[in-house]
Amino acid sequence: MGDENTENTEGWTMLQWKDKGNALFAAEDYNGAIACYTNAIDIERQIALFSNRSAAYLKLREYQLAIADADICIQIDPKWAKGWWRKGQALIESGDPKKAIRVYESGLEYQPRDRNLIEGRREAISKAAETDASIASVYHEQMVATRSEKQAVENPVTKESTEPSSHAAAPSAPSASDIPEAKPSSAEKEPITNQNGISPEPTVEEPKAADAPSVKNIIEGENVWPGTAEQEVERIRKAANHYAVLHVHRDAAPADIKKNYYTLAKMLHPDKCQLDGAAEAMSQVSQAYDTLNNPIKKKMYDNYVDDMMKKSGAEGKTFAEWEAENGRVELPKWLDCMLKVKGCAFILLFILILILIPLVILVVVLYCILAIICIPLACVQKCFCPEQYEARKAAAEKAQQDYEEQMQYERFQHV
């Protein structure tokens, strides 16, 4: 562990051992990192510690130990996608990609849209098909779709190339070459779970076609969301409405809208993405989120979408133009009449103040009375019943401590 002898580790907390293990992992001292993660696990059996130790074992090619720690992650929380991903990577590295495929498919039953599991499954299929032609036959449809998607991004197809050849050979069974080139091992790219944990990829569904007045919500051929930055910029450019921009259903929950917004914002932020059209795409994403995240604006936008669909978008109005014409809030008739009277607003404000002042005075008086009653009772209990007073005080402190611990657990339970 390098400098362990120069540090006083007595009394270290779980987080201190974890941070030390992460530092040693980054320094490629995997044995030292394993020792630190083990010390942290002895203090608290946290799922992220087993995940990190599994990554360290994988670096040392201790495949069975890496699989054992990944199994513990799965036992602790089967819905945590990273546990399945760790096990699948260890199986691939150990030379058992067929079993890795089954592991990834089991994980996808809990998290069907997790990007790491999807990519890991593709990698496992690719590895397995290199030695077993039957794998290529079983997963032919997926491999063809994946290859087509990749070619559509890297090599746009021209009109001439899409014309069928009269001398084309008969289709043959897919071979290992049909499978997309496997990406570098994910265990090398993302070995460590940081102290704050890594949020899982958002779970999203394909938007309904009915949400778009004239243009499809997503680019044809898109199988996994989110795609690459280039794909997302092109998809957003062609999106017909705010729902299509954020890739959500019209009845999507606010949490799903927020997740998709953050996913796109991280990908298309000007500091990270310098592609042509990325700034305009990010502007559309922000505008869509500002509208759909506000319940009142969202309701008005739904009315706008319905109106445009009924008229088939003939008028070509933007939401801002439609809102200017139809966004006036209808007030009750009696209130509308009163507001038309000159000076009526000031009279209503004065009456409201006169009503509120006695209520404020009443609340203050009640508070003072309760304070006068409660303070002497506490003093009497402290003087004549010190044991009960101390027990009550200790119970209050314990309740506060339990509450803080519960809040901390809920905050870091995904780590």
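Since this is a predicted model, take the numbers as computed values, not measurements.

What follows deals with the overall build of the protein chain. The secondary structure content of the protein chain amounts to 19 helices and 0 strands. Here the protein chain holds 415 residues, and 35% of them are scored as buried. Carbon and sulfur atoms provide 56% of the accessible area of the protein chain, an area that totals close to 26,000 Å².

Another aspect to go through is unusual backbone geometry. Residues other than glycine seldom take positive phi values, yet Glu28 does so here, at roughly 65°. Classification of Glu28 by relative accessible area gives exposed; the value is 58%. For His247, which is not glycine, the phi dihedral falls at a positive 60°. Within the secondary structure layout, His247 lies in the loop between helix 12 (242–246) and helix 13 (254–268).

Tallied over the full model, the rule gives 7 aromatic pairs. Judged by centre distance (4.1 Å) and plane angle (10°), the rings of Tyr261 and Tyr289 are stacked. You can see Tyr261 sitting in helix 13 and its partner Tyr289 sitting in helix 14 (residues 278–292), a full 28 residues away along the chain. Taken as a pair, Tyr261 and Tyr289 share a single burial class, namely buried. Through a chain of ring-to-ring contacts, three or more aromatic side chains come together here, namely Tyr243, Tyr301 and Tyr304.

What follows concerns the nonpolar core. In terms of nonpolar packing, the biggest core is built from 40 residues, with Phe25, Leu49, Ala100, Tyr104, Leu117 and Ala124 touching the most fellow members. Looking at this core, the elements with two or more residues in it are helix 1 (14–26), helix 2 (30–43), helix 3 (47–59), helix 4 (63–76), helix 5 (81–93), helix 6 (97–110) and helix 7 (115–131). In this structure, Ala265, Leu268, Tyr289 and Leu292 belong to the second largest nonpolar core, which totals 31 residues.

Time to look at the packing of helix 1 against helix 2. The geometry of helix 1 relative to helix 2 is characterised by a closest axis approach of 8 Å and an angle of 165° between their N-to-C directions. Between helix 1 and helix 2, the angle is such that the two are roughly antiparallel. You can see that helix 1 and helix 2 cross each other, and the crossing is left-handed. Along the contact surface, helix 1 presents Met14, Trp17, Lys18, Lys20, Gly21, Asn22, Leu24 and Phe25, while helix 2 presents Tyr30, Gly32, Ala33, Cys36, Tyr37, Asn39, Ala40 and Ile43. Broken down by class, the residue content of the contact of helix 1 with helix 2 amounts to 10 nonpolar, 4 polar and 2 charged.

Let us now look at helix 6. When the terminal C-alpha atoms of helix 6 are compared, their 20 Å separation across 14 residues agrees well with the 20 Å that a helix rising 1.5 Å per residue should span. All buried positions along helix 6 are accounted for by Pro97, Ala100, Ile101, Val103, Tyr104, Gly107 and Leu108. For helix 6, the arc enclosing every buried residue in end-on projection is 165°, short of the 170-degree limit, so these residues lie on one face. Facing away from the buried surface of helix 6 by more than 90 degrees, the exposed residues are Arg102 and Glu109.

Attention now goes to the environment of Gly88. One can find Gly88 in helix 5. Owing to a relative accessible area of 0%, Gly88 belongs among the buried residues under this scheme. Apart from residues lying up to four places away in sequence, Gly88 is in contact with Ala100, Val103 and Tyr104.

It is worth spelling out the pattern of salt bridges at this point. Overall, the coordinates contain 11 salt bridges when judged by the stated rule. Two residues, Arg115 and Glu119, come together in a salt bridge whose shortest N-O distance is 3.3 Å. Placement of both Arg115 and Glu119 in helix 7 is noted, with a separation of 4 residues, approximately one turn of the helix. Glu119 serves as the salt-bridge partner of Arg122, at 3.4 Å between the closest nitrogen and oxygen. In this pair, Arg122 and Glu119 both sit in helix 7, 3 residues apart, roughly one turn of the helix. Each of the two residues, Arg122 as well as Glu119, counts as buried. Connected through salt bridges with shared partners, the residues Arg115, Glu119 and Arg122 form a single ionic network.

Taking 1.5 Å per residue as the helical rise, helix 7 with its 17 residues ought to reach 24 Å, and the 25 Å between its terminal C-alpha atoms agrees with that figure. Counted residue by residue, helix 7 has 12 buried out of 17 residues, so it is predominantly covered. Buried within helix 7 we find Leu117, Ile118, Glu119, Gly120, Arg121, Arg122, Glu123, Ala124, Ile125, Ser126, Ala128 and Ala129. A distance of 3.2 Å separates the backbone nitrogen of Asn116 from a side-chain oxygen at the start of helix 7, and that oxygen is part of Asp114.

Quick look at the confidence of the model for the protein chain now. Looking at the protein chain as a whole, the pLDDT averages 75, with 71% of positions reaching at least 70. Low pLDDT, under 50, characterises residues 1–5; the predicted model gives this stretch 9 contacts beyond four residues in sequence or across chains. Throughout residues 194–223 the model reports pLDDT below 50, and contacts reaching past four residues in sequence, or to other chains, amount to 79 contacts.

Attention now moves to the environment of His269. Turning to its location among the elements, His269 is positioned in the loop between helix 13 and helix 14. In the structure, His269 is positioned 13 residues away from Met282 in sequence and 6.6 Å away in space, judged by C-alpha atoms.

Bringing the packing of helix 11 (residues 229–238) against helix 14 into the picture now. When two helices pack together, their arrangement is captured by the angle between the axes and the distance separating the axes. Running from N to C, helix 11 and helix 14 point in directions that differ by 60°, and their axes come no closer than 9 Å. With respect to each other, helix 11 and helix 14 are oriented oblique. By crossing handedness, the relation of helix 11 to helix 14 is classed as left-handed. From helix 11, Val233, Ile236 and Arg237 reach across to helix 14, where they touch Ala278, Ala281, Gln284 and Val285.

About the criteria used
Residues numbered from 1 in each chain as written. Predicted model: local features only at pLDDT ≥ 70, side-chain atom pairs only at ≥ 80, totals over all residues. Heavy atoms only, no water. Helix = DSSP H or I, 4+ residues; strand = E, 2+ residues; numbered from the N terminus. Buried < 20%, exposed > 50% of the residue type's maximum accessible area, 1.4 Å probe, protein only. Areas by Shrake-Rupley, 256 points an atom, 1.4 Å probe, with all protein chains shown as cover. Phe/Tyr/Trp six-rings, centres within 6.5 Å; stacked < 30°, edge-to-face > 60°. Core = buried A, V, L, I, M, F, W, Y, C linked by side-chain atoms within 4.5 Å. Axes fitted to C-alpha atoms, helices over the stretch in contact; angles between N-to-C directions. Parallel < 35°, antiparallel > 145°, perpendicular 65-115°, else oblique. Left-handed = near helix turned anticlockwise from the far one by under 90°. Contact = heavy atoms within 4.5 Å. Nonpolar A, V, L, I, M, F, W, Y, C, P; charged D, E, K, R; others polar. Expected span 1.5 Å × (residues − 1). Arc of directions from axis to C-beta. Salt bridge = Lys/Arg side-chain N within 4 Å of Asp/Glu carboxyl O. Polar contact = N/O pair within 3.5 Å; in protein donor to acceptor, adjacent residues only side chain to side chain. pLDDT = per-residue confidence, 0-100.

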